Amino acid sequence: MLLLILLFSIQSLFASSPIIIDLKNHSKDYFPSKGVKYLEDKSNSLTLENILKKRKTLPFKENKKNIIALKRTRNPLWFHFKVIDTSQDNKKWIFELNYTYFSTIDIYYIKPNKTFTHYKTGNFKPVQKRQYPYTIFCFDLNIKKNVPYDIYLRVTKTGPILLPIRIQSYRNFLKSDRNGNLFVGIFTGIMIIMAIYN
């Protein structure tokens with residue numbers, strides 16, 4: 001009986017950990033989805049400070065699909081995963097949300113010492129005033145080599161939530177931008193169809 005309890009405790013510990021995205025190849029694009037944790041803030045009151053203090057007890061769920069597609073809600077949603085840059089090149093990464101219909105987006109890159117970088121954007125911010133002037137949401141992923149970072153996203157939107165995240169090198173980002181609108185249209189269409197039939 002004691003052995004079963006121990007095994008269950010170990011499984012629960014690992015189950016509570018979000019996926020870690022290892023950015024080791026600058027020629028590859030990364031799409032965090034399966035294993036990403038999410039939480040609906042039904043009180044509409046959670047802050048990052050609340051999340052960090054209570055994350056072991058908050059009812060985060062695990063996304064078990066290859067896309068992040070959630071049911072209609074008016075409440076804020078929090079998402080959590082980890083990244084680490086183990087690549088050999090000193091090149092920067094770009095974090096993209098290839099979906100244009102978020103009212104607000106808060107993204108936090110958190111170091112192990114709890115210091116963090118915060119970006120805030122959404123449809124309220126004109127395209128020309130965003131970090132990158134595109135209809136999709138793009139941010140510099142400012143992380144140090146071989147240091148694990150917690151990534152937290154807080155998004156608000158009326159309606160179903162689709163969260164197509166892509167992390168890619170700046171070089172790939174520049175090459176893909178020419179076909180960005182086509183990519184967004186195809187990707188969003190596929191996600192909507194999959195969300196309807198799942």
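Heads up: the structure comes first, above all this text.
With that settled, consider the side chain of D140. The residue D140 is located in strand 9 (residues 137–141) in this model. Of note is the side chain of D140, whose polar atom sits 3.0 Å from the side chain of Q131. Side chain to side chain, D140 and Y132 meet in a polar contact 2.4 Å long. Not counting chain neighbours up to four residues away, the residues in contact with D140 comprise K92, W93, I94, Y109, Y119, Q131 and Y132.

This part takes up the nonpolar core. Residues F79 and F95 are the most contacted members of the largest nonpolar core, which totals 35 residues. Apart from the residues within four sequence positions on either side, F95 is in contact with F81, I107, Y109, F137, C138, F139, L141, I151, L153, I165, R166 and I167. Listed in part, the 10 residues of the second largest apolar core include I51, W78, I110 and Y152.

Let's shift gears to the pattern of salt bridges. Under the defined criterion, the tally for this structure stands at nine salt bridges. A salt bridge links R55 to D150; the shortest N-O distance between them is 3.8 Å. Remark: D150 occurs in strand 10 (residues 149–156) and R55 occurs in the loop between helix 2 (48–54) and strand 3 (61–62); sequence separation between them is 95 residues. The buried category is assigned to D150, whose relative accessible area is 7%. The partner of K120 in a salt bridge is D106, and the shortest N-O contact between them spans 3.0 Å.

Quick look at the sheet that holds strand 12 (residues 165–169) now. Spatial strand order, 9-6-12: three strands in an open sheet with antiparallel pairing. Each end of this open sheet is capped by a strand with a single partner; those strands are strand 9 and strand 12. Across the sheet, the mean angle separating the axes of adjacent strands is 25° when strand polarity is ignored.

Reading the values: rules and limits
Residues numbered from 1 in each chain as written. Predicted model: local features only at pLDDT ≥ 70, side-chain atom pairs only at ≥ 80, totals over all residues. Heavy atoms only, no water. Helix = DSSP H or I, 4+ residues; strand = E, 2+ residues; numbered from the N terminus. Polar contact = N/O pair within 3.5 Å; in protein donor to acceptor, adjacent residues only side chain to side chain. Contact = heavy atoms within 4.5 Å. Core = buried A, V, L, I, M, F, W, Y, C linked by side-chain atoms within 4.5 Å. Buried < 20%, exposed > 50% of the residue type's maximum accessible area, 1.4 Å probe, protein only. Salt bridge = Lys/Arg side-chain N within 4 Å of Asp/Glu carboxyl O. Pairing = 2+ DSSP bridges. Axes fitted to C-alpha atoms, helices over the stretch in contact; angles between N-to-C directions.

What is shown is where atoms sit, not what they do.
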